[in-house]
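Spelled out, the chains give:
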Amino acid sequence: MEWAANARKSHFELGFVPTMGALHQGHIDLAKRAKAKNDLLVCSIFVNPIQFNNPEDLKKYPRDLERDLQRLQTIDCDAVFCPDEEEIYPEPVTTKYDFGHVDKVMEGKYRQGHFNGVAIVVNKLFDIVQPHRAYFGEKDFQQLQIIKALVKKEKKEVEVIACPTVRESDGLAMSSRNARLNPLQRKEAAKIFETLEGAKKRFGFMSPRAIKKWVEQEINASSELKLEYFEIVDAENLLPLEKTDPDFPVVGCIAVNAGEVRLIDNIFLNV
Ligand code: PAF
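Described below are features of the structure shown in this document. (Residues numbered from 1 in each chain as written. Predicted model: local features only at pLDDT ≥ 70, side-chain atom pairs only at ≥ 80, totals over all residues. Heavy atoms only, no water.)

1. A short note on the nonpolar core
A general trend in soluble globular proteins is that nonpolar side chains are found buried together. Short version of the rule: By nonpolar core is meant a set of buried Ala, Val, Leu, Ile, Met, Phe, Trp, Tyr and Cys residues that side-chain atoms within 4.5 Å join together. The rule is simple: take the accessible area with a 1.4 Å probe, protein chains only, and divide by the maximum for that residue type; under 20% is buried, over 50% is exposed, in between is partly exposed. The way it works is that DSSP assigns letters per residue, a run of H or I at least four long becomes a helix, a run of E at least two long becomes a strand, and they are numbered from the N terminus. We call two residues in contact whenever any of their non-hydrogen atoms come within 4.5 Å of each other.
Val122, Phe126 and Phe136 are the most contacted members of the largest nonpolar core, which totals 43 residues. The element that contributes the greatest number of residues to this core is helix H7 (residues 114-129), accounting for nine residues. Excluding anything up to four places from it in sequence, Phe126 contacts Phe16, Pro131, Ala134, Phe136, Ile147, Val151, Lys156 and Val158. By size, the runner-up hydrophobic cluster in this structure holds 25 residues, among which are Ala189, Ile192, Ile232 and Val256.

This is the structure in structure tokens:
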């Protein structure tokens with residue numbers, strides 16, 4: 001990306017927000033943070049086919065480039081990189097990343113190949129954009145850990161900035177997938193964060209096992225929601241927590257199906 005190379009040569013600091021488009025307030029929040037802390041803001045819009053383990057999900061992924069570009073214009077985004085598939089994948093990709101435990105559990109277990117696809121595209125985007133800082137939402141908590149591991153593994157000189165999850169007024173984490181919920185599913189989806197807050201209240205009083213059971217009952221009590229997993233893990237290495245009084249940050253990660261729409265969220269349980 002010549003623009004980025006020239007900007008770097010002129011000693012401008014680049015803040016980067018990689019996205020798959022269908023921008024919502026969560027993306028805009030990342031972009032505003034990047035804009036505030038860097039000389040220039042670059043966003044990318046690329047629906048990365050190799051991170052979709054489910055072809056139906058890729059087909060249904062919302063796309064509206066015109067609207068996305070307009071939104072980015074309103075916040076004075078300095079450059080938008082919208083490559084086509086050919087540019088990112090001129091030949092078939094064969095890279096296989098192994099991040100140890102972190103890419104095998106939770107999303108890694110239920111969405112085989114997903115994190116490999118994310119790591120490959122983010123690595124390529126970092127090579128092209130060469131940002132000083134890249135901004136990612138904590139909503140995709142496991143993705144964030146994978147990207148930190150990728151940066152270490154590939155010795156990239158980019159600072160990964162984790163940003164708090166942006167929520168709707170009823171607590172639902174903002175996601176491009178929310179647009180696919182019908183009105184009843186949308187209403188019931190608020191129970192996901194409500195339940196995570198309930199889990200946080202119980203943490204330290206109940207065993208991790210008992211909290212997991214409680215979360216399962218709460219979510220599955222809704223006719224619109226079905227729990228896929230709720231895991232209580234060490235926030236750094238994502239290893240399952242056995243004890244109730246850890247002296248390190250612990251996060252509860254959840255995946256829920258609302259009809260055909262898969263929603264994820266998380267909460268820090270002890271910080
Ligand atoms: O979080 C996303 O939107 C995507 O996984 C990312 C980081 C843009 C890679 O395609």
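2. Brief notes about the side chain of Asn266
Using the following cut-off: The definition of a polar contact used here is a pair of N or O atoms within 3.5 Å, where within protein one atom must be able to donate a hydrogen and the other to accept one, and adjacent residues in sequence count solely through side-chain atom pairs.
Examined against the element boundaries, Asn266 turns out to sit in strand S8 (residues 261-268). At a separation of 2.8 Å, a polar atom in the side chain of Asn266 contacts the main-chain carbonyl oxygen of Glu138. At 3.0 Å, the side chain of Asn266 and the backbone oxygen of Lys139 are in polar contact. Aside from chain neighbours lying at most four places away, what touches Asn266 is Glu138, Lys139, Phe141, Arg167, Leu196, Val251, Gly252 and Cys253.

3. A few points about the site of the ligand
The line we're drawing: Here a residue is considered near a molecule or strand provided that any single heavy atom belonging to it is located within 4 Å of it. Per-residue accessibility takes into account occlusion by the displayed protein chains alone, with areas from the Shrake-Rupley method and a 1.4 Å probe. Any residue outside Ala, Val, Leu, Ile, Met, Phe, Trp, Tyr, Cys, Pro, Asp, Glu, Lys and Arg is labelled polar, Gly included; the first ten of those are nonpolar and the last four are charged.
Near the ligand the following residues occur: Pro18, Thr19, Met20, Asn48, Gln51, Val121, Phe136 and Gln143. A distance of 2.8 Å is found between an oxygen atom of the ligand and a side-chain nitrogen or oxygen belonging to Gln143. Relative to its free-state accessible area of 290 Å², the ligand is covered by the protein chains to the extent of 88%. Its residues placed into classes, the shell around the ligand shows four nonpolar, four polar and no charged.

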